[in-house]
Amino acid sequence: MPSGKRTGERVFEVAIFPLTLAGAIGATLALLRAGVDPALSFVGPVVASYVLIAVCEKFFPFEASWSEPKGDRGVDLGHLIVSGGFTLGTLRPFVLAAAVAAAGWLAAWLGDALWPGDWPLLAQLVLALVVGEFFMYWTHRLTHTYDALWRIHALHHSAPRLYYLNAVRFHPIDLALSIFPPLFVLAMLGAQEPLLALFTATTSVHGAFQHANLKLRCGPLNWFFSMAELHRWHHSRLPQEANSNFGQNLIVWDVVFGTRLLPRDRRPPADIGLSDLPTFPMGYLGQLTSPFRWARIKRESAEAAEQA
């Protein structure tokens with residue numbers, strides 16, 4: 001390979017994530033300052049980031065086998081529309097309205113809002129990511145601990161490959177449990193809508209990169225962000241590898257609680273999915289109803305394993 005091309009690839013691997021994330025945050029900030037409704041300000045930057053990642057996956061794939069669709073694209077588009085669009089778009093205003101009401105009660109009780117609203121907005125964003133991630137980390141970790149919660153999270157791990165649309169491959173209940181608690185807590189503490197818009201833009205773009213089939217090298221950022229180099233191990237079929245790197249956006253709480261994993265002696269597995277649930281439904285409607293047919297799925301999977 002010509003050295004110039006290799007140098008270009010190395011620059012891409014290091015720069016594409018931080019530059020795109022910074023661009024999405026900057027564009028959202030610019031739209032907010034231009035008077036765009038905070039609830040809409042992040043939509044354009046997030047969509048543009050997804051399109052950019054989708055295009056880059058064609059030219060800089062991390063795993064060649066993940067570039068080929070495995071009957072999953074239509075299913076993931078269904079999850080994008082229902083989980084990513086309808087669930088978040090419909091419920092988000094009600095969650096924030098409840099949080100604002102709770103914030104009024106909390107401020108009356110304590111005498112003042114707890115959130116440092118006088119900080120620069122970007123400094124507030126860093127704090128919001130750390131605070132919000134605490135709730136995301138424990139919600140995610142608990143879904144891997146208790147069968148009653150794993151039944152709604154297993155859908156996400158049913159993905160046969162990792163690519164950008166895996167970021168929305170969630171059951172609506174799972175996504176609501178992951179996204180709404182941190183938003184509620186932040187709003188209850190006094191965080192305002194512009195900050196929540198920046199928070200949403202950041203988590204959305206990060207999620208797409210976290211699952212992207214892209215050559216990425218984050219270096220020291222792997223001690224702050226829970227990026228693809230870490231998250232690919234979380235999708236391993238081996239429980240000792242999958243039960244790690246629970247951070248949805250940041251890896252800091254994995255560091256604190258000892259669940260960070262980033263082996264340097266081997267590549268993450270290309271064969272991912274649910275090793276103990278071979279009959280897990282791979283169609284959209286089957287996945288949507290899977291938490292309510294959990295006992296049957298487990299029984300049929302056990303029978304299939306015995307016959308194998």
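Summary of the structure given here. (Residues numbered from 1 in each chain as written. Predicted model: local features only at pLDDT ≥ 70, side-chain atom pairs only at ≥ 80, totals over all residues. Heavy atoms only, no water.)

**Notes on the overall build of the protein**
The number of helices and strands found in the protein is 13 helices and zero strands. Along the protein, helices (α) and strands (β) appear in the sequence α-α-α-α-α-α-α-α-α-α-α-α-α when read from the amino end. Considering the protein as a whole, with its 308 residues, one finds that 50% of them fall into the buried category. Within the protein, residue pairs in contact and separated by at least 24 positions form 73% of the contacts whose partners lie at least 6 positions apart. As displayed, the protein offers around 14100 Å² of accessible surface, 68% of which is attributable to carbon and sulfur atoms. (Helix = DSSP H or I, 4+ residues; strand = E, 2+ residues; numbered from the N terminus. Buried < 20%, exposed > 50% of the residue type's maximum accessible area, 1.4 Å probe, protein only. Contact = heavy atoms within 4.5 Å. Areas by Shrake-Rupley, 256 points an atom, 1.4 Å probe, with all protein chains shown as cover.)

**A closer look at the nonpolar core**
In terms of nonpolar packing, the biggest core is built from 52 residues, with Phe 199, Phe 209, Leu 214 and Met 227 touching the most fellow members. Mapped by element, the contributors of at least two residues to this core are helix H1 (3–33), helix H3 (43–59), helix H5 (121–143), helix H7 (172–189) and helix H8 (193–211). Leave out the neighbours within four places in its chain, and Phe 209 touches Ile 16, Phe 17, Thr 20, Ile 53, Leu 214, Leu 216, Met 227 and Ala 228. Residues Trp 150, Leu 155, Leu 277 and Ile 297 belong to the second largest nonpolar core, which totals eight residues. (Core = buried A, V, L, I, M, F, W, Y, C linked by side-chain atoms within 4.5 Å.)

**Thoughts on the pattern of salt bridges**
Following the criterion strictly, the structure yields twelve salt bridges and no others. Notably, a salt bridge pairs Lys 298 with Asp 147, separated by 3.5 Å at the nearest N-O pair. In this pair, Lys 298 sits in helix H13 (residues 294–307) while Asp 147 sits in helix H6 (residues 147–157), placing the two residues 151 residues apart along the sequence. Exposure remark for Asp 147: the relative accessible area of 35% places this residue in the partly exposed category. Its salt-bridge partner being Arg 296, residue Glu 300 comes within 2.9 Å of it at the nearest N-O pair. With Glu 300 and Arg 296 both in helix H13 and four residues apart, this pair spans about one turn of that helix. On the basis of relative accessibility, which here comes to 28%, the residue Glu 300 falls in the partly exposed class. Classification of Arg 296 as partly exposed rests on a relative accessible area of 45%. Among the charged side chains, a salt-bridge network with shared partners connects Arg 6, Glu 9, Glu 13, Lys 215 and Arg 217. (Salt bridge = Lys/Arg side-chain N within 4 Å of Asp/Glu carboxyl O.)

**Topic: the side chain of Thr 259**
Relative to the assigned elements, Thr 259 resides in the loop between helix H11 (252–257) and helix H12 (284–288). Reaching out from Thr 259, the side chain makes a polar contact with the side chain of Tyr 137 at a distance of 2.9 Å. Look past the residues within four positions of Thr 259 in its chain and what remains in contact with it is Tyr 137, Arg 141, Ser 244, Asn 245, Phe 246 and Asp 254. (Polar contact = N/O pair within 3.5 Å; in protein donor to acceptor, adjacent residues only side chain to side chain.)

**Side note on the packing of aromatic side chains**
Each aromatic ring pair is specified by the distance between its two centres and by the angle formed by the two planes. One pass over the full model with this rule turns up 14 aromatic pairs. Geometrically, the ring pair formed by Phe 134 and Phe 135 is edge-to-face, given 5.6 Å between the ring centres and 90° between the ring planes. The exposure class of Phe 135 is partly exposed, given its relative accessible area of 30%. Ring centres of Trp 253 and Phe 257 lie 6.0 Å apart, and the angle between their planes is 25°; on these two criteria the pair is classed as stacked. With a gap of four residues between them, Trp 253 and Phe 257 both fall in helix H11, about one helical turn apart. Feature note: the residues Phe 134, Phe 135, Tyr 137, Trp 138, Phe 246, Trp 253 and Phe 257 constitute an aromatic cluster, connected by ring pairs. The aromatic ring of Tyr 163 is capped on one face by Arg 161, whose charged end is 3.8 Å from the ring centroid. One cation-aromatic arrangement involves Arg 260 over Trp 223; the distance from NZ or CZ to the ring centre is 3.5 Å. (Phe/Tyr/Trp six-rings, centres within 6.5 Å; stacked < 30°, edge-to-face > 60°. Lys NZ or Arg CZ within 6 Å of the ring centre and 35° of its normal.)

**A short note on H5**
Between its first and last C-alpha, H5 extends 32 Å over 23 residues, near the 33 Å set by a 1.5 Å rise per residue. At Glu 133, H5 is deflected by roughly 30°, the largest bend along its length. Buried residues of H5: Gln 124, Leu 125, Ala 128, Leu 129, Gly 132, Glu 133, Met 136, Tyr 137, His 140 and Thr 143, and no others. (Expected span 1.5 Å × (residues − 1). Bend = angle between axes of the 7 residues up to and from the residue.)

**A short note on the environment of Arg 73**
Structurally, Arg 73 can be placed in helix H4 (residues 73–110). For Arg 73, a relative accessible area of 36% gives the class partly exposed. As a C-alpha pair, Arg 73 and Tyr 163 span 90 residues in sequence and 9.9 Å in three-dimensional space. Leaving out residues up to four positions away in the same chain, Arg 73 has contacts with Arg 161 and Tyr 163.

**Describing the packing of H5 against H6**
When two helices pack together, their arrangement is captured by the angle between the axes and the distance separating the axes. Between H5 and H6, the shortest axis-to-axis distance is 8 Å and the interhelical angle comes to 95°. Accordingly, the angle class assigned to the pair H5 and H6 is roughly perpendicular. Residues His 140, Leu 142 and Thr 143 of H5 form the contact with H6, whose own contacting residues are Leu 149, Trp 150, His 153 and His 157. Among the residues making up the contact of H5 with H6, the classes are represented as three nonpolar, four polar and no charged. (Axes fitted to C-alpha atoms, helices over the stretch in contact; angles between N-to-C directions. Parallel < 35°, antiparallel > 145°, perpendicular 65-115°, else oblique. Nonpolar A, V, L, I, M, F, W, Y, C, P; charged D, E, K, R; others polar.)

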